[in-house]
Structure formats: structure tokens, C-alpha cells
Amino acid sequence: MTAPRLGASMLGASVLGALPAGVAAPRYDRTALEAGMAHIGVGAFHRTHQAEYTDDLLAQRFDRWGIVGINIRPPLLGETLGMQDGLYTRLLRQDDRVEARVIGSIVSVVDSAESAAPALAVLASPEIDVVTMTVTEKGYCHIPATGALDPARGEIVHDIADPEHPVSLPGILLRALEMRRATHGRPLTLVSCDNIPANGAILQSVVGALAERRGGGLAGWIAANAAFPGTMVDRIAPAPTELDRRFVEERLGYRDEAVVVGEPFRQWVIENRFAGRFPDYAAVGAQLVEDVEVFEHLKMRILNGAQTALCYQGVLAGLEHTFDDMADPLLARFVRRMLVEESVPTLEPVPGIAPLAYVDESLSRLRNTAIRHRNHQIATDGSQKIVQRLLNPIRDRIRAGASFDLLSAAVAGWMAYLVLAAERFGRRWTVDDPFATRVAAIADTAGADPRQLVAGITAIDAIFAPELAGNPRFTAAVAWHLAGFIGADPMAHLARVTGAAGA
Ligand code: CS2
């Protein structure tokens, strides 16, 4: 955190009445707002997405839907949001346009990284009817390739041994449900808002697997009293930077250590499956549907697939942000072709959305020069992202007997990013991925032999399903692209690929 600057006052309840012209304030009486839901993982995404939808809802039909923000991992909230009474500025930016609004829906914050006790006190309380979460892909402690709970994960091993002092997300949720059952018995809706495939089903399965081990009828109680709706969430909101904090201080005249920046576009599709009370988000633009999976595939395979393909190739091209990647004609052409020729044909029909129009809208969002989304940020935890963004579409293409060369090039981009960070390739950047060490070890023994590298990496069965690892067309295509990307001129390879594939 930066040192507080002297001069300007800090955002908080006492300055709400004196916000500068052009900064919108909450349009409801915040002092009357009570907590009705909790959110775990109060990062930039939550603050630009669900907290804004909730702010809209409170302005339209005020109800007991204040959010208690909980962080179970750093960064903690007490010294930022806590000092500001839960208030923060949400900037929406499109190129040189900016719109500022102070969001008021977070009523209190709880830091619970040292111990789960503060989080459990909130989650088990009878006032809380809903818990939502954005804890990143790896927070669910599942095996990406299968969706099942990973019993070998350190946090899960811990929580099985000591379920009353959990450290993992599934362990904390299970303990909260157990406490609710033992005290008041009120139902709970648990909503994953992360970009994992079938997020509601995965959440239900990791919590359910731990409940089965816990015994005592807890799994049955959860089945009858909890709901795990799936969701598709969307708004691009990169990690805020010092530049954003300075913008607020210099242009808006107050200090805000919790400012967030997002694009104008937002979307939220929620499966219509709740246990007890749930906020009427449909009144403020969310879609409630019976089948969320088709929306989820659309978003993860098109928007997120494009982001993931671009981030690795962008790094290889020496570029910094997504909009820089999109300004490069070669990268832009590659990604559009990948989406149109290979990803779109794997989609099921999505009510109300034409896939090609969605591709163009997504790519135009990625050109927004005010959204400074760093390639290295999107590259983080790629092993947890490529399954739903690239590998599942490839599996569908294989089953359909169709080409998957461009998607394979995107997978090779991910591999190149990890491989080039290994010792023998000169450690060009630091990789933040649960499988970074494993891939570095493979690279250190396989050397620069692309076939060996691909054989070693695709043998990681937590990421690659056997039907991919054992498919010679797939492994050969990835090896060819990987050779190009780790070679002397990765962009020449991309140019060959982009010029050669399809029409
Ligand atoms: C991004 C997402 O970092 C990433 O993995 O692809 O955070 C993306 O910006 C959001 O899913 C957009 O809704």
C-alpha cells in the first residue's frame, strides 16, 4: 500500500455529501443499509461488477442487501476499504472517456487470512442469506481437467485433518454450513463468480466432497438447504495501479486507496436456483436463466479465449497490454481467425446472442486503450484457465473431426511462456502459475526439443485430459508451434500460421 498523501481528504462516509460535481454518489440512505450477503474475495472484479449491480439494486428498490466483504487471502481490506467505510470510486473508462461513481453497497469488511474465525462468524450468521465469491480459478482446490476436489492440495489435506479451523475456500464454506445447521438452520445460496467451467457445479462438488468425509449427515443437510447456482460474469477490470489512485487525487480531489477501473460493458447471467432469499438482480440488468452453460462457454471460449491467446503471444512480441496486442495487425488477425474458424463452431446456440457479433464486440472491447490490462496479469495461472478457454474447444473440434491448428498455436503460446521462464532459457520473466515449477523442471530435462517438451507438459493429467495427451495430431501441432515460439523469431512463426491456416 502507498503512504497516505497529505492534503486531500480520504474518501469515507463523512465526505459523501461533498463529492465533486461529476462523481455520482449512492442514491439511497446508506446509514439504513443492513448486511444480507457476504462476498469472499473483494478484488477489482467484485468491486466493478457485483458491488455495482448491488448498488444499482439498492437505488431502485432498497432492501437488506448490504455486502460484507471478506478476504481470506491478501490483499487485506482493513487498511483500504475499511478505512473508507467500505466506500470506493468505480471509474468506467472507454479510451479518453471516464465516468466516476462512488459505490456504497459494501457495508463492512473482514480480514480473515490469519484465521478463518472472522469469516466464519459472518458466514454462519442468520442475517446472511447469500454468499458470493471471486477467489480466482485456483481457489476452488479442484483438478482443472476433471473438476473434482484435489485431495492432495495442502490446504485440503489440512482441512480434512482439522475441519474446525479451515484454511481453504471449500473448507471455510463447509464449516460455515455446519455452524448454520447447528445454530439456526437457515438455508444459504452459495454463488461462484469465477471463470471456471460449470462454476456452480464445481463449487457444489468440492464442498460436497469435503462434507461426505466429514460425515454426520452434513452432506444430506447441505443438499436440502443450500443452492449453488452457476453464473457467467463479465467486465474487464485490471488490477488498479498508482496511476489510478493519482487520477482520483489530482482530478477528483480526494484520496481513494480502493479505486477500481472497469470497461463500460458488463454482463451477469445467473442460474435460477436459490435457497431462500436472493437479491432481484434481474431488475438491474442481470439475466436469470435455466441453462447458464451456453453463456459460460460463449464468454470463456470467445472473450477469455482471446485474452489468453493474446497475452502469451503479446509477451513473445514484447508488448505490454491487451490493447497493444490488438493494435498489432498480426496478433489481431490471428486471434480473430482462431475465434471465428475454430472456437465459434464449438458453441451451442445462445439465446439472444449472435456469435459473430459477439466476437466483434469482444475484440472491440479488447481494443479499449484506457483498460491497461497487462499481458502478464492475464498470463497468471494459465494452467487453471486454458482448459475452459482453449482445451475444451479443442476436444470438441477433435470429436467433430474438424481442424484445431490455431487453438493449438494458442496452447503452444502458453507453453512457450512457461518454458522460456526456465533456467536453461535464461529466465526471461517470472511466471505465476501453480504448475510453473513442474514445467520448469520438464524444460530443464527436455532442453529445447519441442516434442519432448510437449510430451512432458501434456503428461500433466491435472491439465490435459488423456484424449488430448494421447492424440498425436494434437501433440504434433502443439510441438510445431512451440518450436516456432521458442525459436529465434516467434512473430515470423505467427505470421506463417496466420497466413497459412484456413482461407
Ligand atoms: C482475464 C479475466 O485475467 C484474466 O484471466 O481473462 O479476468 C477477464 O478480464 C474477465 O473474465 C472479464 O470478465
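Residues numbered from 1 in each chain as written. Predicted model: local features only at pLDDT ≥ 70, side-chain atom pairs only at ≥ 80, totals over all residues. Heavy atoms only, no water.

### Considering the overall build of the protein
In terms of regular secondary structure, the protein is built from 20 helices and 13 strands. For the protein, whose C-alpha radius of gyration is 23 Å, the value lies close to the compact-globule estimate of 23 Å for 503 residues. For the protein, the C-alpha atoms occupy an extent of roughly 60 × 60 × 45 Å along the three principal directions. In the protein, which comprises 503 residues, the proportion classed as buried is 59%. Considering only intrachain contacts with a sequence separation of at least 6, the fraction spanning at least 24 residues in the protein is 77%. For the protein, the exposed surface amounts to about 18900 Å²; the carbon and sulfur share of it is 54%. Counting 48 positive and 58 negative side-chain charges, the protein places the centres of these two groups 2 Å from one another. (Helix = DSSP H or I, 4+ residues; strand = E, 2+ residues; numbered from the N terminus. Rg over C-alpha atoms; globule rule 2.2 N^0.38 Å. Buried < 20%, exposed > 50% of the residue type's maximum accessible area, 1.4 Å probe, protein only. Contact = heavy atoms within 4.5 Å. Areas by Shrake-Rupley, 256 points an atom, 1.4 Å probe, with all protein chains shown as cover. Lys, Arg positive; Asp, Glu negative; His and termini not counted. Charge placed at Lys NZ, Arg CZ, Asp CG, Glu CD.)

### Description of the nonpolar core
L391 and F464 are the most contacted members of the largest nonpolar core, which totals 98 residues. For L391, the residues in contact, after removing those within four places along its chain, are I386, V411, I463, F464, L468 and F474. In terms of nonpolar packing, the next biggest core, distinct from the first, is built from 39 residues, L177, I196, I222 and F228 among them. (Core = buried A, V, L, I, M, F, W, Y, C linked by side-chain atoms within 4.5 Å.)

### Comments concerning the packing of helix α6 (residues 199-214) against helix α7 (residues 218-225)
The relative placement of two packed helices is expressed as an angle between their axes plus a distance between the axes. At their nearest, the axes of α6 and α7 sit 7 Å apart, and the two run at 145° to each other. Here α6 contributes V207, A211, E212 and R214 to the contact with α7, which in turn contributes L218, A219 and I222. Of the residues contributing to the contact of α6 with α7, the split by class is 5 nonpolar, no polar and 2 charged. (Axes fitted to C-alpha atoms, helices over the stretch in contact; angles between N-to-C directions. Nonpolar A, V, L, I, M, F, W, Y, C, P; charged D, E, K, R; others polar.)

### Concerning the sheet that holds strand β6 (residues 106-111)
With parallel pairing, the 6 strands of this open sheet are ordered in space as β6-β3-β2-β7-β8-β9. Edge positions in the sheet fall to β6 and β9 (226-227), since each has one partner strand and no second. With 5 bridges joining them, strand β3 (residues 66-71) and β6 adopt parallel strand pairing. Looking at the pairing, I67 lines up with I106 of β6. The strands touched by helix α2 (residues 50-60) are β2 (35-40), β3, β6 and β7 (130-133); relative to β2, the strand with the most contacts, the crossing angle is about 165°. (Pairing = 2+ DSSP bridges.)

### Looking at the site of the ligand
N195, D234, K299, Q307 and K385 are the nearest of the 13 residues found near the ligand. Contact distances for the ligand include 2.7 Å between an oxygen atom and a side-chain N or O atom of Q307. Of all the secondary-structure elements, those providing two or more residues to the shell around the ligand are β10 (231-234), α9 (293-316) and α14 (382-399). A per-element tally of the shell around the ligand places α9 first, with 4 residues. Classifying every residue of the shell around the ligand by side-chain character gives 4 nonpolar, 4 polar and 5 charged. (Near = heavy atom within 4 Å. Polar contact = N/O pair within 3.5 Å; in protein donor to acceptor, adjacent residues only side chain to side chain.)

### So, the confidence of the model for the protein
Here the protein averages 96 in pLDDT, while 98% of its residues score no lower than 70. Ignoring residues within four places in sequence, the model shows residues 1-5, a span with pLDDT below 50, making 12 contacts including any to other chains. (pLDDT = per-residue confidence, 0-100.)

### A closer look at the packing of aromatic side chains
Pairs of aromatic rings are described using the distance from one ring centre to the other and the angle between the two planes. All told, the structure shown has 10 aromatic pairs when counted by the stated rule. Taken together, the ring pairs in this structure connect Y53, W268, F274, F278 and Y281 into an aromatic cluster. The ring of Y88 is capped by R47, whose NZ or CZ atom sits 5.7 Å from the centre of that ring. (Phe/Tyr/Trp six-rings, centres within 6.5 Å; stacked < 30°, edge-to-face > 60°. Lys NZ or Arg CZ within 6 Å of the ring centre and 35° of its normal.)

### Some words on the side chain of D325
Take D325: it is sitting in helix α10 (residues 322-327). Salt bridges are absent for the buried D325, whose nearest opposite-charge side chain, R374, sits at 11 Å. Those residues in contact with D325 that sit more than four places away from it in its chain are L310, C311, G314, L319, L331, A332 and N375. (Salt bridge = Lys/Arg side-chain N within 4 Å of Asp/Glu carboxyl O.)

### Considerations on the layout of surface pockets
Where empty space is left becomes clear once a probe the size of a water molecule has been rolled over the atoms. Taken as a whole, the second largest pocket encloses approximately 190 Å³ of empty space. Considering the residues around the second largest pocket, the lining is formed by R93, P238, A239, P240, T241, L243, D244, F247, V261, T369, A370 and R372. When residues in the lining of the second largest pocket are grouped by element, the largest group, 3 residues, is from helix α8 (residues 242-252). Among the residues making up the lining of the second largest pocket, the classes are represented as 7 nonpolar, 2 polar and 3 charged. (1 Å grid on protein atoms, 1.4 Å probe; cavity = no way out; pocket = protein on both sides within 12 Å on 5 of 7 lines; lining within 4 Å. Points joined across faces, edges and corners; volume = space filled by probe spheres on them.)

### Thoughts on the environment of Q60
With respect to the helices and strands, the residue Q60 is situated in helix α2. Each C-alpha atom of the pair Q60 and R266 lies 18 Å from the other, and the pair is 206 residues apart in sequence. Contacts of Q60, omitting those with residues within four sequence positions, involve A283 and V284. Polar contacts involving the side chain of Q60 include one to the main-chain carbonyl oxygen of A283, which spans 3.4 Å.

### What to know about the packing of α9 against helix α11 (residues 329-343)
Following both chains from N to C, one finds α9 and α11 inclined at 145°, their axes separated by 10 Å at the closest point. The two elements α9 and α11 meet at a crossing, and its hand is right-handed. For the pair α9 and α11, contact is made by R301, I302, G305, A306, A309, L310, Q313 and G314 and by L331, F334, V335, M338, L339 and S343, respectively. (Left-handed = near helix turned anticlockwise from the far one by under 90°.)

### As for unusual backbone geometry
Between P74 and P75 the backbone carries a cis peptide bond, its omega angle lying at 0°. With respect to the element layout, P75 can be found in the loop between β3 and β4 (88-94). The phi dihedral of D85 is positive, around 55°, even though this residue is not glycine. Locating D85 in the fold gives a position in the loop between β3 and β4. The phi angle at D381 is positive, at roughly 60°, despite the residue not being glycine. Turning to its location among the elements, D381 is positioned in the loop between α13 (375-379) and α14. On the basis of relative accessibility, which here comes to 5%, the residue D381 falls in the buried class.

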